[in-house]
Amino acid sequence: MDALKFVESSPAVPPKGMVAIYGEETFLRLQSLSKIAQLVVGENEFGVKRFSGLNSTLADILDELNTPPLFGSCRLIILDEADDFVSRQRQALESYLDHPSQWGVLVLLLKKFPSNTRLAKRVAKSGLSLECKAPRTYEVIQWVIQWSKYRYQKQISKALAERMVESVGSNLALLDKELEKLASSVGSSASIQAKDIEQLVVRSAAQTSWQILDALASGKNGEALIILERLLRGGEAPIAIFGALSWHLRMLIRAGRLVQQGWPQRAALEEAGVKPFAMQRAGSHLKRLGSKRIDRLYRWLLETDLDLKGRRPVPAQVALEQLLIKITC
């Protein structure tokens, strides 16, 4: 099951046996686990026990699962970093599902959980399997609308949700923080308005990303790196900086490819989603990039995104600086 749908659903019956939560989207993993915990043990924090898959034995896990709870009717056993554990104990876990504990639910937190394995099929059938994958941009916009209503009881229009994603990027955790800030700011108001977005969200992220791109377009590479360093020293999250930059760069990629197909530049920028007030700036950015860089930008953005998520032991600032250097070289 898609974790996005599960997190926003209202299941009345808690899962049984075994739950697999897998994928790279950290926010969805945390929210899925939180919802599972609420369904299984409610507010009973004594009913939750966590293990590490790196150094725990199957006997440890089974002992906890088969121990009756002191409070409540069920226990939740969470196995972090469970990939290697599952590889070692696959057959034993399949056998466990033949007669799962009546006292406990086992949650496996994994990076991957191939759906074609026997264990995955059995978990999906008798328990619950949740895939936490990064949503596409159009899905993120819809998520902002739904999450604002579900989590913070605030209405937000599609246009304003798009504005938020444009400014913050597609990182769900950062968008959630911005929605929390907005919900607190608007107080008892039932909806979030354009002025709230502009005052609390847009100004910082959008302006600074434009400033960095302006500096690069003018050949002031050192100035762009100084702006980046100032943002990081000021406490701005690297993924937020990257989100705002990548949003603008993806628009330029789309516009650049349309230009390559013969579109007039202004029409291509409009089609890519560039607003009228930003048309001149975006045009200069597009010209600076050129067709060769446009063709490579998606790969560069993907590499930077993976580095920020831990693919390589590279500091976040270095990963962002490398992206800026690639754009101008």
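Rules behind the numbers
- Residues numbered from 1 in each chain as written.
- Predicted model: local features only at pLDDT ≥ 70, side-chain atom pairs only at ≥ 80, totals over all residues.
- Heavy atoms only, no water.
- Helix = DSSP H or I, 4+ residues; strand = E, 2+ residues; numbered from the N terminus.
- Buried < 20%, exposed > 50% of the residue type's maximum accessible area, 1.4 Å probe, protein only.
- Contact = heavy atoms within 4.5 Å.
- Areas by Shrake-Rupley, 256 points an atom, 1.4 Å probe, with all protein chains shown as cover.
- Pairing = 2+ DSSP bridges.
- Core = buried A, V, L, I, M, F, W, Y, C linked by side-chain atoms within 4.5 Å.
- Patch = residues over 30% accessible without salt bridge, like charges linked within 9 Å, V, L, I, M, F, W, Y side chains within 5 Å.
- Salt bridge = Lys/Arg side-chain N within 4 Å of Asp/Glu carboxyl O.
- pLDDT = per-residue confidence, 0-100.
- 1 Å grid on protein atoms, 1.4 Å probe; cavity = no way out; pocket = protein on both sides within 12 Å on 5 of 7 lines; lining within 4 Å.
- Points joined across faces, edges and corners; volume = space filled by probe spheres on them.
- Nonpolar A, V, L, I, M, F, W, Y, C, P; charged D, E, K, R; others polar.
- Axes fitted to C-alpha atoms, helices over the stretch in contact; angles between N-to-C directions.
- Lys, Arg positive; Asp, Glu negative; His and termini not counted.
- Polar contact = N/O pair within 3.5 Å; in protein donor to acceptor, adjacent residues only side chain to side chain.

Each helix and strand counted, the protein chain has 14 helices and five strands in total. Counting only C-alpha atoms, the protein chain reaches 65 × 45 × 40 Å along its principal axes. Burial statistics for the protein chain: of 329 residues in total, 47% are counted as buried. For the protein chain, restricting intrachain contacts to residue pairs at least 6 apart in sequence, the fraction spanning at least 24 positions comes to 74%. Per element, the accessible surface of the protein chain, about 17,000 Å² overall, is 51% carbon and sulfur.

Side-chain positions along a regular strand alternate between the two faces of the sheet. Of all five residues making up strand β1 (residues 18-22), five are buried, and the element is well covered by its neighbours. By the alternation rule, side chains of β1 split into M18, A20 and Y22 and V19 and I21, which are all buried. Across five bridges, the pairing between β1 and strand β4 (residues 104-110) is parallel. The residue bridging I21 from the neighbouring strand is L109, located in β4. Strand direction decides the pairing type here: β1 and strand β5 (residues 128-131), joined by four bridges, are parallel. Paired with A20 across the two strands is S129, which belongs to β5.

Generally speaking, nonpolar side chains in soluble globular proteins are found buried as a group. Core analysis: the biggest nonpolar cluster contains 82 residues, and I21, I36, L76, V107, V144 and L175 have the highest contact counts within it. For this core, the element with the highest residue contribution is helix α11 (residues 238-260), accounting for eleven residues. Residues in contact with V144, not counting those within four places in the same chain, are I156, A161, M164, V165, L175 and L179. The next biggest cluster of nonpolar side chains, apart from the first, holds 22 residues, and it includes F85, V86, L97 and F113.

Next up on the list: a nonpolar patch on the surface. Among the surface-exposed residues, F46, L70 and F71 lie close enough to one another that they form a single nonpolar patch of about 440 Å² accessible area. For L70, the location among the structural elements is in the loop between α3 (58-65) and β3 (75-80). On the basis of relative accessible area, L70 is assigned to the exposed category, the value being 82%.

Okay, the confidence of the model for the protein chain next. Mean pLDDT over the protein chain stands at 88; residues scoring 70 or higher make up 98%. Taken element by element, the protein chain is modelled with least confidence in helix α9 (residues 194-217), mean pLDDT 75, and with most confidence in β1, mean pLDDT 96.

Attention now goes to the layout of surface pockets. In this structure, the largest pocket occupies an estimated 1,100 Å³ of space. What lines the largest pocket is a set of 39 residues, among which E24, E25, A134, D305 and K309 lie closest to the centre. For the lining of the largest pocket, the secondary structure elements donating two or more residues are α2 (26-41), α4 (83-96), β4, α11 and α13 (279-308). Here the lining of the largest pocket is built from residues that sort into 16 nonpolar, nine polar and 14 charged. Estimated volume of the second largest pocket: approximately 370 Å³. Lining of the second largest pocket is provided by 13 residues; of these, T137, W247, M251, A272 and G273 occupy positions nearest its centre. If you list the elements that add at least two residues to the lining of the second largest pocket, you get α7 (158-168) and α11.

Under the criterion given, the structure shown has 15 salt bridges. R50 is paired through a salt bridge with D80; the nearest N and O atoms lie 2.7 Å apart. Of this pair, R50 sits in strand β2 (residues 48-52) while D80 sits in strand β3, and the two are 30 residues apart along the sequence. Relative accessible area serves as the criterion here: at 45%, R50 is assigned to the partly exposed category. Shared partners join several salt bridges into a network, and the residues in it are K49, E64 and R75.

Let's shift gears to the sheet that holds β4. The strands that make up a sheet pair up through hydrogen bonds in the backbone, lying either parallel or antiparallel. The parallel open sheet is built from five strands, whose spatial order is β2-β3-β4-β1-β5. On the outer flanks of this sheet lie β2 and β5, each paired with one strand and no other. Across the sheet, the axes of successive neighbouring strands diverge by a mean angle of 15°, strand direction being ignored. Inspection of the sheet shows β2 paired to β3 by five bridges, in the parallel sense. Residue pairing for β3: V48 is matched across the bridge by L76. Each of β2, β3 and β4 is contacted by α3, which is oriented at about 160° to β3, the strand it contacts most.

This paragraph deals with the side chain of E25. Mapping E25 onto the fold places it in the loop between β1 and α2. Buried charge E25 goes without a salt bridge, the closest partner of opposite sign being K309 at 5.9 Å. Among the polar contacts made by the side chain of E25, one reaches the main-chain amide nitrogen of F27 at a distance of 2.9 Å. Apart from residues lying up to four places away in sequence, E25 is in contact with C132, K133, A134, P135 and L172.

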